[in-house]
Amino acid sequence: MSLYCGIACRRKSFWCYRQLSTYVTKTRYLFELKEDDDACKKAQQTGAFYLFHNLAPLLQKSGHQYLAPQHSLFELERLLGKFGQDSQRIEDSVLIGCSEQQEAWFALDLGLNSSSSINASLQKPEVEKELTGSFTELRKALYQLNVKDASLLSTAQALLRWHDTHQFCSRSGQPTKKNMAGSKRVCSSNQIIYYPQMAPVVITLVSDGTRCLLARQSFFPKGMYSALAGFCDIGESLEETVRREVAEEVGLEVERLHYSASQHWPFPNSSLMIACHATVKPGQTEIRLNLRELEAAAWFRHDEVAIALRRNNPYTQQQNGAFPFWLPPKFAIAHQLIKEWVEKPIRFTLPV
Ligand SMILES: NC(=O)c1ccc[n+]([C@@H]2O[C@H](COP(=O)([O-])OP(=O)(O)OC[C@H]3O[C@@H](n4cnc5c(N)ncnc54)[C@H](O)[C@@H]3O)[C@@H](O)[C@H]2O)c1
Ligand SMILES: [Mg+2]
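Residues numbered from 1 in each chain as written. Chains lettered and ligands numbered in written order. Predicted model: local features only at pLDDT ≥ 70, side-chain atom pairs only at ≥ 80, totals over all residues. Heavy atoms only, no water.

Caption draft 1: Spatial organisation of the state of the cysteines. Following the criterion strictly, the structure yields zero disulfides and no others. Free of any disulfide, Cys40 has its nearest cysteine sulfur in Cys98, 11 Å distant. On the accessibility criterion, Cys40 (0% relative accessible area) is buried. Note on Cys98: relative accessible area 1%, which makes it buried. (Disulfide = S-S within 2.5 Å. Buried < 20%, exposed > 50% of the residue type's maximum accessible area, 1.4 Å probe, protein only.)

Caption draft 2: Focus on the sheet that holds strand β9 (residues 193–194). Overall, antiparallel pairing links the three strands, which are arranged β7-β8-β9 in an open sheet. Bordering the open sheet on either side are β7 (176–178) and β9, each of which pairs with just one other strand. Bridge count for β7 against strand β8 (residues 185–187) is three bridges, and the pairing is antiparallel. Looking across to β8, one finds that Lys178 is bridged to Arg185. (Pairing = 2+ DSSP bridges. Helix = DSSP H or I, 4+ residues; strand = E, 2+ residues; numbered from the N terminus.)

Caption draft 3: Fine view of the domain arrangement of the protein. Looking at the assigned domains, one finds that the protein contains domain 1 (43–165) and domain 2 (199–311 + 324–351). Each side of the interface is counted separately: domain 1 has nine residues, and domain 2 has nine residues. Interface area for domain 1 against domain 2, summed over the two sides, is near 750 Å², with a carbon-plus-sulfur share of 70%. Together, Arg139, Leu142 and Arg161 form the three largest contributors to the area buried by domain 1 at its contact with domain 2, with a combined 54%. Run the count over domain 1 and domain 2 and you get one residue pair in polar contact (both at pLDDT 80 or more). Every element with two or more residues in the side of domain 1 that touches domain 2 is listed here: α7 (138–141) and α8 (147–164). A per-element tally of the side of domain 1 that touches domain 2 places α8 first, with five residues. The class makeup of the residues in the side of domain 1 that touches domain 2 is four nonpolar, three polar and two charged. (Domains from an automatic or database assignment. Contact = heavy atoms within 4.5 Å. Buried area = accessible area lost by both parts, 1.4 Å probe. Polar contact = N/O pair within 3.5 Å; in protein donor to acceptor, adjacent residues only side chain to side chain. Nonpolar A, V, L, I, M, F, W, Y, C, P; charged D, E, K, R; others polar.)

Caption draft 4: Focus on helix α6 (residues 124–131). Buried residues of α6: Val127, Glu128 and Leu131, and no others. Taken down its axis, α6 places every buried residue within 100° of arc, on the same side. Away from its buried face by more than 90 degrees, α6 exposes Pro125 and Lys129. In the segment just after α6, Thr132 is the residue with positive phi, at about 45°. (Arc of directions from axis to C-beta.)

Caption draft 5: View of the site of ligand 1. The local shell around ligand 1 holds 18 residues, among which Ala229, Phe231, Glu249, Trp265 and Ala334 are the closest. At 3.4 Å, a side-chain N or O of Glu245 approaches an oxygen atom of ligand 1. Here a nitrogen atom of ligand 1 and a side-chain polar atom of Gln263 are 3.3 Å apart. With the chains in place, 63% of the 840 Å² that ligand 1 exposes on its own is no longer accessible. The set of elements that each furnish at least two residues to the shell around ligand 1 consists of β10 (199–207), β12 (228–231), α9 (238–250), β13 (254–265) and α11 (333–343). Class assignment for the residues of the shell around ligand 1 results in 12 nonpolar, three polar and three charged. (Near = heavy atom within 4 Å. Areas by Shrake-Rupley, 256 points an atom, 1.4 Å probe, with all protein chains shown as cover.)

Caption draft 6: Representation of the confidence of the model for the protein within the structure. On average, the protein scores 90 in pLDDT, and the residues at 70 or more come to 91%. Among the prediction metrics, the complex's ipTM stands at 0.95, with pTM recorded as 0.88. (pLDDT = per-residue confidence, 0-100.)

Caption draft 7: Here's a closer look at α9. With 13 residues, α9 should reach 18 Å at 1.5 Å per residue; the first-to-last C-alpha distance of 18 Å fits that figure. One or two steps after α9, the chain reaches Gly251, where phi turns positive at roughly 70°. (Expected span 1.5 Å × (residues − 1).)

Written as C-alpha cells, this is what we have:
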C-alpha cells in the first residue's frame, strides 16, 4: 500500500479502500468491527441476522435443500418485542462475516440463556410459527445447505457454543463479558482475555503405495469407514501427531507425509481438521488394531475405494446382512482426502 494510501487510511477516507481488492477491503472491515464496538453496533443497523435456538439454526425447506433465512435488525427487534423480550438480547449476537458490499452478518441464539438480558429464552414452537421455519440440527442439515451457508452456520454454531460455555473466568470465577462482535471475552475482575478456540485434529490417509488404510469407530454408521483422525496433544507438531495417532490406532510407523488441506469441523465441538497423506515403510503393513480406539481397520484396494466414493451413504444392508463399506459425505474432508488419493498420485515430500 502506497504511503499516500497509508496516510489516507489513518483519516479512514474512502479513497484508500478504492485501491484495495474487494477481499482485502472486506477483511479489513471485519477486523475493524472486531476491534471497535461502536463500529460493530453501527454495522448491526444495516446487517443481517441468522437465528439459532439452542445451537440449531433456523432453516426453511426448499425442495431437497435447506435455506438459511436472514433477518434485519428491525425484524429482529419486532420479533423480540412480540415475545416480550427487550432488544438488549441483540447484544448476545456474534459477528460471523460480511458480504462484499460490507453488509455485516450476525448470529443470535434465542434459546440459550442470555447474559445481556434478564428475559428467559424464547419458546421454540412459537418462534418457528412466527418465522415460518424450523430450528434444525446442523449436523442433519449440513448435507442440504449450499457451501456458503454450511460454512457460515458452522462458524456461527461454534462461536455461539463457545460463548455459552465460557461465561466465567477460569481463574477468578467472575463473569466474563463478550465484546460487541463476539471475537473475545474479558474477565470483569482481572481483565484476562479469552479467545474462541478450535482443537487441531490431524486426519491421515495412510497408504502403502497401492492400497489405503481405512478404519471405523463403533459409533460410526454401519458400513462407514474413514481415514484415521486424532487430536493434537499439547506441544506436538502436526507431523508428531500423525506419527503418534497412526502408531496408537493401528500400530504402524509412517515415514513420509504430504499436507493436503484443512477444514473447520464443528462436531462435536470446534475442530480444525488438518488433512494429510502418509506412507508406511514397505513390508511393514500388518495392522495391529487398538480396540480402545477403533472397531475395525483394513487395507482397501484402489478400485474398491473408487466404487465406494460413488456410493451414496447410508448404503442399504445386503441380503447376507453385510453393509458394503461406504465413505463420509462429500463435504467432509475425509471424503476429499480419499478422493484425492484415488484421482491422482501423491508426491510425498515431508519425512515424518
Ligand atoms: N471432518 C471429517 O472428515 C472427520 C473425519 C473423522 C473424524 N473427524 C473428527 O475428528 C475428531 C477427532 O477424531 P477422533 O475421535 O478419532 O480423535 P482421537 O483419535 O484423538 O480420539 C478421541 C479422544 O481424544 C481425546 N482428546 C484429546 N484432545 C481432545 C479434545 N481437544 N477434544 C476432545 N477429545 C480430545 C479424548 O479422550 C477423546 O476421546 C472428532 O471430533 C471427529 O468428529 C472429522
Ligand atoms: Mg482417532
